[in-house]
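These are the residues of each chain, in order.
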Amino acid sequence: MKTIIEPFRIKSVEPIYFSTAAERKAILEEAFYNPFLIHSENVLIDLLTDSGTSAMSSEQWAGIMRGDESYAGSPSFFRFESAVWEITQMPHVIPTHQGRASEKILFSILGGKGKYFLSNTLFDTTRANIEFSGAEGIDLLCEEGKHPGIPAPFKGNIDIEALKEFINKKGAENIPLCIITVTNNSGGGQPVSMQNIRETSAVCKAHNIPLFIDACRFAENAYFIKLREDGYADKPVKEIARELFSYADGCTMSAKKDAFANIGGFLALHNEDLAKQCRNLLVITEGFPTYGGLAGRDLEAIAIGLNEVTDEHYLQYRIRSIEYLSNKLADAGVPVMKPAGGHAVYIDAKAMLPHIPVEQYPGQALVCALYETGGIRSVEIGSLMFGKYNEQDQLIPATLELVRLAIPRRVYTQSHIDYVAEVIIEVFENRDTIKGLQVIEEAALLRHFTAKLKPVL
Ligand SMILES: *Cc1c(COP(=O)(O)O)cnc(C)c1O
């Protein structure tokens, strides 16, 4: 087989600013060892997130010019609505400024004290919006998903038995919604199988619990189904995506992921009554229902992106390029999550840095080492992001201590990725010299965004 090439040419470029390791050491100290506080011009390869960082296509930029900025009834909205319908077949489409705005609206209506929201794994903003409403978010990830080093095809699946048990224990009346995240971002970008979604839907239906999809990476998930699940090899990705959504009552989406947009999101659903309540909130928090939190030009970019992302040459290149980096690291002995996820490579920091206890955030320590050594910005997905404190103020650590290298869509070439691999392998070889960190300042919710840290001496 020949090399799988980037399925695009480059028309417009942005410079990368170079820095030295000594400069980066000082920058890191100034940023309190938190990559979210580093100025992006001081980053060589930015793998902080795949969110809103995609390169838009020439068609999308043309759409930006075509965008109609009418306050009400803009044709850009109707193109957006029909692009969302094409994939989800959901009649009520509500544009929001990003995914979390959809979550805020949905959980403000359905949340509240004493309620539980069940999931394979809730993303951090989803969990925060659930908790902010007073409700509790419950992750019921399948056993395979909890072992980063052991490969399995669908490690994003929800544990169906645990789901049934939880519903029986707490009562369906206290569970307003089950939400499946595809692919499972916080669990390694691992896909959910069609069978698992079908079974979840059956359990939910039996108990009258609506099923929603957190659809940020629906196309990457659909492509994994095509590659790995029996009966889907010959089906077009768009058809697979439609089947996936057919089991759901609604979805939330961040268009900053699989829609290649730099901003945007939506809520789509079947239930007219709930849609009405959502639109009522939309008008006071986001905007009029035909633009929500977006400009007409953004609606155009999203509509075009939603169509482009189901192109299978693109998805083949996308999934392969993540796997390429993952395999390079694994071959050098770096403990990575196996198999590679859809949008990112995850390093198992607990396995790589056994000399750093979880209370000293091994993931964050690795993130800092990658930045200092090679100017690569990544993010910790572990106890800094998900850890909580017990009543004695001791850390309740997260299950996994991962470092995520999220690959922006259509942005970096193979030589950028080769450089990333070289830096990580260098850090791996010097891993014994990496020191742990302690938190010196933090916020109550989503603390990883703003926390300040310092090295443990
Ligand atoms: C990014 C993301 C969100 C939130 O979307 P924003 O556009 O960042 O607000 C929700 N769920 C998942 C799985 C995500 O990856």
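### Describing the sheet that holds strand E9 (residues 344–348)
Point 1. On the basis of which strands lie adjacent, the open sheet formed by 3 strands has the order E9-E14-E11 and antiparallel pairing. Looking at which strands have only one partner, the edges of the open sheet turn out to be E9 and strand E11 (379–381). Averaged over all pairs of adjacent strands, the angle between strand axes in this sheet comes to 35°, irrespective of strand direction.

### Digging into a nonpolar patch on the surface
Point 1. Taken together, the side chains of Phe32, Leu37 and Ile440 present a nonpolar region at the surface, about 220 Å² in accessible area.
Point 2. Topologically, Ile440 is positioned in strand E15 (residues 437–441).

### So, the domain arrangement of the protein chain
Point 1. Looking at the protein chain, the domain boundaries give domain 1 (21–50 + 311–455) and domain 2 (58–308).
Point 2. Using only C-alpha atoms to locate each centre, domain 1 and domain 2 end up separated by 26 Å.
Point 3. Between domain 1 and domain 2, the contact holds 30 residues from the first and 38 residues from the second.
Point 4. Together, the buried faces of domain 1 and domain 2 total about 2800 Å²; carbon and sulfur atoms form 59% of this surface.
Point 5. In this assembly, domain 1 and domain 2 are joined by 7 salt bridges.

### A look at the pairing of strand E3 (residues 116–119)
Point 1. In E3, alternate side chains face the same way, and those of Tyr116 and Leu118 on one face and Phe117 and Ser119 on the other are all buried.
Point 2. Here E3 pairs with strand E4 (residues 136–139) via 4 bridges, running parallel. Residue pairing in the sheet places Ser119 in a bridge with Asp139 of E4.
Point 3. This β-α-β element, E3 to helix H5 (residues 124–132) to E4, shows right-handed connectivity.
Point 4. Relative to strand E5 (residues 177–181), E3 runs parallel, the two sharing 3 bridges.

### Examining the sheet that holds E4
Point 1. If you walk across this open sheet you meet the 7 strands as E2-E8-E7-E6-E5-E3-E4, and the pairing is mixed. Edge positions in the sheet fall to strand E2 (92–96) and E4, since each of these pairs with one other strand and no more. Each strand axis lies, on average, 20° off the axis of its neighbour in the sheet, ignoring direction.
Point 2. Here strand E6 (residues 211–214) pairs with strand E7 (residues 250–254) via 3 bridges, running parallel. Within E7, the position partnered with Ile213 by the bridge is Cys251.
Point 3. Contacts from helix H6 (residues 160–170) reach E3, E4 and E5, with the element oriented near 170° to E3.

### A closer look at the pattern of salt bridges
Point 1. Tallied over the full model, the rule gives 23 salt bridges.
Point 2. Where Arg409 meets Asp50, a salt bridge forms, and the shortest distance between an N and an O atom there is 2.9 Å. One end of the pair, Arg409, is in the loop between strand E14 (402–406) and helix H16 (414–429); the other, Asp50, is in the loop between strand E1 (45–46) and helix H2 (58–66), and 359 residues separate them in sequence. Each member of the pair, Arg409 as well as Asp50, carries the same accessibility label: buried.
Point 3. Among the charged side chains, a network of salt bridges with common partners joins Asp50, Arg217, Glu220, Asp258, Arg318 and Arg409.

### Points about the packing of helix H7 (residues 194–206) against helix H9 (residues 237–246)
When two helices pack together, their arrangement is given by the angle between the helix axes and by the axis-to-axis distance.
Point 1. Closest axis-to-axis distance for the H7/H9 pair is 9 Å, and the angle between their directions is 20°. Taken as axis vectors, H7 and H9 run roughly parallel relative to one another. In terms of crossing hand, the pair formed by H7 and H9 is left-handed. Where H7 approaches H9, its residues Met194, Ile197 and Arg198 are matched on the opposing element by Ile240, Glu243 and Leu244.
Point 2. When the residues that make up the contact of H7 with H9 are grouped by side-chain class, the tally is 4 nonpolar, no polar and 2 charged.

### Some thoughts on the pairing of E6
Side-chain direction in a regular strand flips from residue to residue, so the side chains alternate between the two faces of the sheet.
Point 1. Of the two faces of E6, the one lined by Leu211 and Ile213 and the one lined by Phe212 and Asp214 are each fully buried.
Point 2. Sheet analysis places E5 next to E6, joined by 4 bridges and oriented parallel. Across the sheet, Thr181 pairs through a bridge with Asp214, a residue of E6.
Point 3. Assessed by its sense of winding, the connection that carries the chain from E5 through H7 to E6 is right-handed.

### Regarding the packing of aromatic side chains
Point 1. Counting across every chain of the model gives 12 aromatic pairs.
Point 2. Here Phe8 and Tyr317 contribute two aromatic rings whose centre-to-centre distance is 5.6 Å and whose plane-to-plane angle is 85°, an arrangement assigned as edge-to-face. Here Tyr317 lies in helix H12 (residues 312–331) and Phe8 lies in the segment before helix H1 (21–30), a separation of 309 residues in the sequence.
Point 3. Here Tyr317 falls in the buried class, since its relative accessible area comes to 7%.
Point 4. Seen from their ring centres, Phe80 and Phe266 are 5.9 Å apart, and the 80° between their planes marks the pair as edge-to-face. Placement of the pair is Phe80 in helix H3 (residues 75–88) and Phe266 in strand E8 (residues 265–269), with a sequence separation of 186 residues.
Point 5. For Phe266, a relative accessible area of 2% corresponds to the buried category.
Point 6. Note that Lys257 overlies the ring of Phe123, its terminal NZ or CZ placed 5.5 Å from the centroid.

### As for the site of the ligand
Point 1. Taken together, 15 residues surround the ligand, and among them Arg100, Asp214, Arg217, Ser254 and Lys257 come closest.
Point 2. Here the ligand, which alone exposes 380 Å², has 98% of that area covered by the protein.
Point 3. At the level of secondary structure, the elements contributing two or more residues to the shell around the ligand comprise helix H4 (99–110) and H5.
Point 4. For the shell around the ligand, the element with the most residues is H4, which contributes 3 residues.
Point 5. Taken together, the residues that form the shell around the ligand break down as 2 nonpolar, 7 polar and 6 charged.

### Notes on the nonpolar core
Point 1. Ranked by internal contacts, the top residues of the largest apolar core, which has 62 residues, are Leu118, Cys178, Ile213, Phe218 and Leu306.
Point 2. Each of domain 1 (21–50 + 311–455) and domain 2 (58–308) accounts for three or more of the residues forming this core.
Point 3. Ignoring sequence-local partners within four residues, the contact set of Leu306 consists of Ala83, Val84, Ile87, Phe218, Met253, Ala259 and Phe266.

Calculation criteria
- Here the residue numbering is sequential within each chain, running from 1 through the sequence in written order.
- Where totals are concerned, whole chains, interfaces and linings use all residues; where local detail is concerned, this predicted model gives features only for residues with pLDDT of at least 70, and gives and counts side-chain atom pairs only at 80 or more.
- The side-chain numbers reported here are obtained from all heavy atoms of the structure, hydrogens and water having been left aside.
- At least two DSSP bridges between two strands are needed for those strands to be called paired.
- Segments assigned H or I by DSSP are reported as helices when at least four residues long, segments assigned E as strands when at least two residues long, and all are numbered from the N terminus.
- To obtain each axis, a line is fitted to C-alpha atoms, and for helices this fit is confined to the stretch in contact; angles are then taken between N-to-C directions over 0 to 180 degrees.
- A patch consists of residues exposed above 30% relative accessible area that lack any salt bridge, with like charges linked at up to 9 Å and nonpolar side chains (Val, Leu, Ile, Met, Phe, Trp, Tyr) linked at up to 5 Å.
- Values of accessible area rely on a 1.4 Å probe in the Shrake-Rupley scheme; residue burial ignores everything except the protein chains shown.
- Salt bridges are defined as contacts in which a side-chain nitrogen from Lys or Arg sits within 4 Å of a carboxyl oxygen from Asp or Glu.
- The split into domains, and so the bounds of each, comes from an automatic or database assignment of domains.
- Contacts are assigned to residue pairs that have any heavy atoms within 4.5 Å of one another.
- The buried area of a pairing is the accessible area, by a 1.4 Å probe, that goes missing from both parts when the two are put together, added over both.
- Accessible area is worked out with a 1.4 Å probe on protein chains only. A residue is then buried under 20% of its type maximum, exposed over 50%, and partly exposed in between.
- Orient the strands so they point away from the viewer; a crossover is then right-handed if the path from the first strand over the helix to the second runs clockwise.
- By the definition adopted for this analysis, an angle is roughly parallel if under 35 degrees, roughly antiparallel if over 145, roughly perpendicular if from 65 to 115, and oblique otherwise.
- For any helix crossing, the convention is left-handed if the near helix is rotated counterclockwise from the far helix by under a right angle, and right-handed if that rotation is clockwise.
- When residues are grouped by polarity, Ala, Val, Leu, Ile, Met, Phe, Trp, Tyr, Cys and Pro land in nonpolar, Asp, Glu, Lys and Arg in charged, and all others, Gly among them, in polar.
- Within 6.5 Å between ring centres, the rings of Phe, Tyr and Trp (the latter by its six-membered ring) count as paired, and their orientation is classed by plane angle as stacked under 30 degrees, edge-to-face over 60, tilted in between.
- Our definition puts a charge over a ring when NZ of Lys or CZ of Arg is within 6 Å of the ring centre and also within 35 degrees of the ring normal.
- We call a residue near a molecule or strand when any one of its heavy atoms sits within 4 Å of it.
- We call a set of buried Ala, Val, Leu, Ile, Met, Phe, Trp, Tyr and Cys residues a nonpolar core when their side-chain atoms join them within 4.5 Å.

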